[in-house]
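Spelled out, the chains give:
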Amino acid sequence: MPRYARAEREALADLLLTVGPDAPTVAEGWSTHDLAAHLVVRERRPDAAGGLVLPPLRGYAERVRRRVAARPFPELVALVRRPPLWSPLSNPLTDELANAMEFFIHHEDVRRARPGWLPRDLPAGLQSALWRRAAPLARLALRRFPADLFVQAPGFGQLSVGRGGAPLRLVGAPGELALFLSGRQRISRVQLDGPATSAQRLRAASLGF
């Protein structure tokens, strides 16, 4: 069985060491050092990981992340590369489900913050895995968007979502849709067809967590 989460994790760890702790990422205000600390907290500090999705806990989660970020960068990358087996997110039963898209997105956060980046030619199996995760994300993130929105990943699947209104079509490879739907619209290569006002609204919408 392909282990896309492991492959993306390893590729990200290698890239982090290559670019160093002070390189920019797509996440506004975060360096690669900040990103590595985030990933360590996510997997190793379940007491703080809830702050990634629950607003009342975000202050505590950020304080924990800052303390973790005080550790040397190579040490953080080593922790990212070798997650604990006890973690609810990275044990053998959950790793692929919880981390394939997570590490793909963060890998691209670093790649696409560098000049001259190009989309990777992803294996069909990884694209399929990303679509399986992007589709429910689209239903959640876009369920209240004021349009009759059609999301299409040619060769992988399609869905309709939104509250109704002028038709709008969002088309892209699963990896590009995963980036778009996680709030990284400006660096995702997708096609948006429909009224310009609706398309611009979607490009500027607050998506992801």
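Residues numbered from 1 in each chain as written. Predicted model: local features only at pLDDT ≥ 70, side-chain atom pairs only at ≥ 80, totals over all residues. Heavy atoms only, no water.

### Focus: the overall build of the chain
- Per the secondary structure count, the chain includes 9 helices and 4 strands.
- The principal-axis extent of the C-alpha atoms belonging to the chain is close to 50 × 40 × 35 Å.
- By residue count, 50% of the 209 residues in the chain fall in the buried class.
- Pairs at least 24 apart in sequence give 57% of the contacts found in the chain among residues at least 6 apart.
- Of the roughly 10300 Å² of accessible surface on the chain, a fraction of 56% belongs to carbon and sulfur atoms.
- Between the centroid of the 30 positive side chains of the chain and the centroid of its 19 negative side chains there is a distance of 4 Å. (Helix = DSSP H or I, 4+ residues; strand = E, 2+ residues; numbered from the N terminus. Buried < 20%, exposed > 50% of the residue type's maximum accessible area, 1.4 Å probe, protein only. Contact = heavy atoms within 4.5 Å. Areas by Shrake-Rupley, 256 points an atom, 1.4 Å probe, with all protein chains shown as cover. Lys, Arg positive; Asp, Glu negative; His and termini not counted. Charge placed at Lys NZ, Arg CZ, Asp CG, Glu CD.)

### Observations concerning the packing of aromatic side chains
- For the structure shown, the criterion picks out 0 aromatic pairs.
- Seen from the ring of Trp117, Arg189 lies directly overhead, with NZ or CZ sitting 4.7 Å from the centre. (Phe/Tyr/Trp six-rings, centres within 6.5 Å; stacked < 30°, edge-to-face > 60°. Lys NZ or Arg CZ within 6 Å of the ring centre and 35° of its normal.)

### What to know about the nonpolar core
- Grouped together as the largest cluster of nonpolar side chains are 35 residues, with contacts concentrated most on Leu142, Leu149 and Val151.
- Those elements that provide at least two residues to this core are α6 (95-111), α7 (124-141), β1 (148-153), β2 (157-161), β3 (167-171), α8 (174-181) and α9 (196-204).
- With 8 residues, the top contributor of residues to this core is α7.
- Filtering out sequence-adjacent residues up to four positions away, Leu149 remains in contact with Leu142, Leu159, Ser160, Val161, Leu168, Arg169, Leu170 and Leu202.
- Listed in part, the 22 residues of the second largest apolar core include Leu15, Val64, Val68 and Leu79. (Core = buried A, V, L, I, M, F, W, Y, C linked by side-chain atoms within 4.5 Å.)

### As for the side chain of Gln127
- Tracing the sequence through the fold places Gln127 in helix α7.
- With near-sequence residues (within four places) excluded, Gln127 lies in contact with Leu122, Phe156, Ala173, Pro174 and Gly175.

### Here we look at the sheet that holds β1
- Taken together, the 4 strands give an open sheet; going across it, the order is β2-β1-β3-β4, and neighbouring strands pair in mixed fashion. If you trace the sheet from one side to the other, it starts and ends with β2 and β4 (191-193), each paired once. Going across the sheet, the axis of each strand differs from the next one's by a mean of 15°, ignoring polarity.
- Where β3 meets β4, 3 bridges bridge the pair, whose relative direction is antiparallel. Paired with Leu170 across the two strands is Leu192, which belongs to β4.
- Most of the contacts of α7 go to β2, to which it runs at about 10°, and overall it touches β1 and β2. (Pairing = 2+ DSSP bridges. Axes fitted to C-alpha atoms, helices over the stretch in contact; angles between N-to-C directions.)

### A few points about the pattern of salt bridges
- Scanning the model with the defined rule gives 18 salt bridges in all.
- A salt bridge links Glu43 to Arg9, with the nearest nitrogen and oxygen atoms 2.7 Å apart. Here Arg9 lies in helix α1 (residues 4-19) and Glu43 lies in helix α2 (residues 32-44), a separation of 34 residues in the sequence. The exposure classification of Glu43 matches that of Arg9, with both residues buried.
- Between Glu108 and Arg112 there is a salt bridge whose closest N-O contact spans 2.6 Å. (Salt bridge = Lys/Arg side-chain N within 4 Å of Asp/Glu carboxyl O.)

### With respect to the environment of Arg42
- Relative to the elements of secondary structure, Arg42 occurs in helix α2.
- The buried category is assigned to Arg42, whose relative accessible area is 9%.
- Placed 83 residues apart in sequence, Arg42 and Gly125 show a C-alpha to C-alpha distance of 26 Å.
- A polar contact of 3.0 Å, which involves the side chain of Arg42, links it to the backbone oxygen of Ala98. (Polar contact = N/O pair within 3.5 Å; in protein donor to acceptor, adjacent residues only side chain to side chain.)

### Section: the pairing of β1
- When β1 meets β3, the two strands line up parallel, connected through 5 bridges. Counterpart to Phe150 in the pairing with β3 is Arg169.
- Pairing of β1 with β2 involves 5 bridges; the strand directions are antiparallel. Following the sheet pairing, Leu149 is matched in β2 by Val161.

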